[in-house]
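# Descriptive analysis of the structure
The lines below spell out each chain.
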Amino acid sequence: MTNTIAIEVRDLVSHYGPRQILNHVNMTVYDNEIMVVMGGSGSGKSTLLRHLLGLEQATSGSIRLLGSDITALSEKEMYELRKEMGVSFQGGALFGSLTVGENVQLPLKEHTRLDSKTMQIISRMKLEVVNLSGFENLMPSELSGGMIKRVALARAIVMDPKLLFFDEPSAGLDPVTSAELDELIIKLRDVMKMTMVVVTHELDSAFKIADRITVLDQGNVLICGTVDEVKNCKIERVQALLSRQIRDDTVDAEAYLNRLTL
Amino acid sequence: MLRLVEQIGKKTIDTIEEVGYSVMVAWKSFYWIVAGKFKKQPVQMDAIFQEIVSIGVNAVLIVSILCFAVGIMLAIQGLETLKDFGAENKVILGLALAIPREFAPLIVGILVAGRTGSAITARIGTMQESQEIDALRVIGINPHRYISAPLMLAMLIVMPLLTTLGNFMALLGGGIYSSIEMGMSMMSYMDRVLEIIQVGDIMQGLVKCMVFSIIIVVVGISNGFQVRGGAEGVGKATTRSVVLSISYIVVADMIFTYFLNR
């Protein structure tokens, strides 16, 4: 593996209204690496992803994608950079008014001047990659959950991006489909040399696909390391997350009463 | 007491924020219509035509029926009132002035607000909730260029046409009723109408309906983009959008009538 840095997050602080979501988050993702971001609900992992996608304004800190700091890019530079990024959203986020084929072709229509025949062929090729050839004329509402995720993946890779982002790839899928999707993610990385960031809270899937794992908890990075490092990590909250223990925070009687009688 | 002041303050800030947001939506829509071409991201023609069909063509029947009915209603009321003064033939004057100046644009405005305004909000709200708006931004498609600009342009093309249709149907309805009641031929009714109507009267109606178009689009879009909280949020925003745009239309109508007739 080369050690070129693809994604570098430095001291990222983020607020939602007055609430702090991310607290000085640092993360480095190397070229051709699959980085899994894990954490419980409300740990800030989805917010971190939204920052990586340039959908949120950071309070402070910097995010460098392929060498350019997206917190300081102009609209035009960001537009160019987006050609190198693909995203597969949690619910697929396919456009309901467009067919599967049109959904996959949309980034091509936006960023290239190819003729429509070529775009069709490219989109069919990508649908072939995700095992959905022949489905291009269906509407998203006619597809099952697993198919929607795969179409979303086909749309994400249609521009052959260098960076691929996944939000909860296996959420809401049956074990077999989810395992197939994991295989596909690994295959894509190997064949197309992509760098990936996968946000998930599914342990099995995370251990299977990850090169390295970042564990977030309440906006803080607990650990960032290889699968074995994370498994052997002594930090209590990491172990709690891995062994599915419930949080046994000691209850402060005073504070508890205060909350109730507010 | 403090809470009341706090609430007033919060409401004021929210209102100012919303006004600002609406102005931004209007600006962005027009900006993309004009500048899209130069930024190599033109507003797509097929999107405009689709909107024209859904806003305009599909509303032709209902606009015709409503305006026809309003024309008959005006004729009935006019004849009843004027009978007391023995001035039944003045009903044509009333119809020929009131319909193009007031009734046709207002009826069409309210109808389109109900039909299209609600649809705009519901569509954008649902897209927002299913992360489709995020997906657009990630692909590099400005949502205002993709959704707002075609809507605005289509609306500005369609509304004057619908209003003209409304003028014709209402005058026809009024004419059929009053010519039967007064025993005059349809031809001489039409002659009288054309004698009375001035270009200014028609223009007044058209200016109003352009203003209504902008109101419907801006209110519909800004409510759609501010949807939070799932299906219930979409429902609330849709109701709000229709109520607000109809209210603004009526108030704007009053203001314009005041200034255009002095």
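Residues numbered from 1 in each chain as written. Chains lettered and ligands numbered in written order. Predicted model: local features only at pLDDT ≥ 70, side-chain atom pairs only at ≥ 80, totals over all residues. Heavy atoms only, no water.

### Things to note about the layout of surface pockets
Volume-wise, the second largest pocket comes out at about 800 Å³. Considering the residues around the second largest pocket, the lining is formed by 28 residues, among which Ser97(A), Leu98(A), Gln50(B), Glu51(B) and Tyr146(B) are closest to the centre. Sorting the residues of the lining of the second largest pocket by element identifies α3 (100-111) of chain A together with α2 (45-55), α4 (91-129) and α6 (143-182) of chain B as the ones contributing at least two each. The residue makeup of the lining of the second largest pocket, split by class, is twelve nonpolar, eight polar and eight charged. (1 Å grid on protein atoms, 1.4 Å probe; cavity = no way out; pocket = protein on both sides within 12 Å on 5 of 7 lines; lining within 4 Å. Points joined across faces, edges and corners; volume = space filled by probe spheres on them. Helix = DSSP H or I, 4+ residues; strand = E, 2+ residues; numbered from the N terminus. Nonpolar A, V, L, I, M, F, W, Y, C, P; charged D, E, K, R; others polar.)

### A word on the interface of chain A and chain B
Accessible area lost upon the coming together of the parts serves often as the stated size of an interface. Counting residues at the interface gives 23 residues for chain A and 19 residues for chain B. For the pair chain A and chain B, the two sides together bury roughly 1,700 Å², of which 54% comes from carbon and sulfur. Put simply, chain A and chain B have two salt bridges between them. One salt bridge in this structure joins Arg50(A) and Asp134(B), with 2.7 Å as the shortest N-O distance. The interface formed by chain A and chain B holds four residue pairs in polar contact (both at pLDDT 80 or more) in total. (Contact = heavy atoms within 4.5 Å. Buried area = accessible area lost by both parts, 1.4 Å probe. Salt bridge = Lys/Arg side-chain N within 4 Å of Asp/Glu carboxyl O. Polar contact = N/O pair within 3.5 Å; in protein donor to acceptor, adjacent residues only side chain to side chain.)

### Focus: empty space enclosed by the protein
Counted under the stated rule, the structure contains two cavities of 30 Å³ or more. As a volume, the largest cavity reaches approximately 140 Å³. Every residue lining the largest cavity is counted, 15 residues in all, and those nearest its centre are Met85(A), Gly86(A), Pro107(A), Arg155(A) and Ile139(B). Those elements giving two or more residues to the lining of the largest cavity turn out to be β6 (85-88), α3 and α5 (145-156) of chain A together with α5 (132-139) of chain B. Along the lines of polarity and charge, the residues of the lining of the largest cavity split into ten nonpolar, two polar and three charged. Here the second largest cavity defines a volume of roughly 40 Å³.

### Observations concerning the packing of aromatic side chains
Given two aromatic rings, their pairing is described by the distance between the two centres and the angle made by the two planes. For the structure on display, the rule yields four aromatic pairs over all chains. Ring plane angle 40 degrees and centroid distance 6.3 Å describe the contact between Phe95(A) and Tyr146(B), whose orientation is recorded as tilted. With Phe95(A) in the loop between β6 and α3 and Tyr146(B) in helix α6, this residue pair bridges two chains. With relative accessibility at 22%, the residue Tyr146(B) sits in the partly exposed group. Put simply, the rings of Trp27(B), Tyr31(B) and Trp32(B) pair up and form one aromatic cluster. Sitting over the ring of Phe207(A), Lys231(A) keeps its end group 4.6 Å from the ring centre. (Phe/Tyr/Trp six-rings, centres within 6.5 Å; stacked < 30°, edge-to-face > 60°. Buried < 20%, exposed > 50% of the residue type's maximum accessible area, 1.4 Å probe, protein only. Lys NZ or Arg CZ within 6 Å of the ring centre and 35° of its normal.)

### So, the side chain of Thr195(A)
All names here are of chain A. Relative to the helices and strands, Thr195 resides in strand β8 (residues 195-199). Accessibility expressed as a relative area gives 2% for Thr195, which makes it buried. A distance of 3.0 Å separates a polar side-chain atom of Thr195 from the backbone nitrogen of Asn32.

### Brief notes about the sheet that holds strand β4 (residues 60-65) of chain A
Residues and elements named next belong to chain A. Strand order in the open sheet formed by four strands is β2-β1-β4-β5, with antiparallel pairing between adjacent strands. Both outer strands of the open sheet, β2 (19-30) and β5 (68-69), are each paired with one neighbouring strand and no more. One ladder, built from five bridges, connects strand β1 (residues 5-16) with β4; its direction is antiparallel. What sits directly across from Arg10, in β4, is Ser62. With respect to the sheet, helix α1 (residues 45-52) is in contact with β1, β2 and β4, its orientation differing from that of β2 by roughly 60 degrees. (Pairing = 2+ DSSP bridges. Axes fitted to C-alpha atoms, helices over the stretch in contact; angles between N-to-C directions.)

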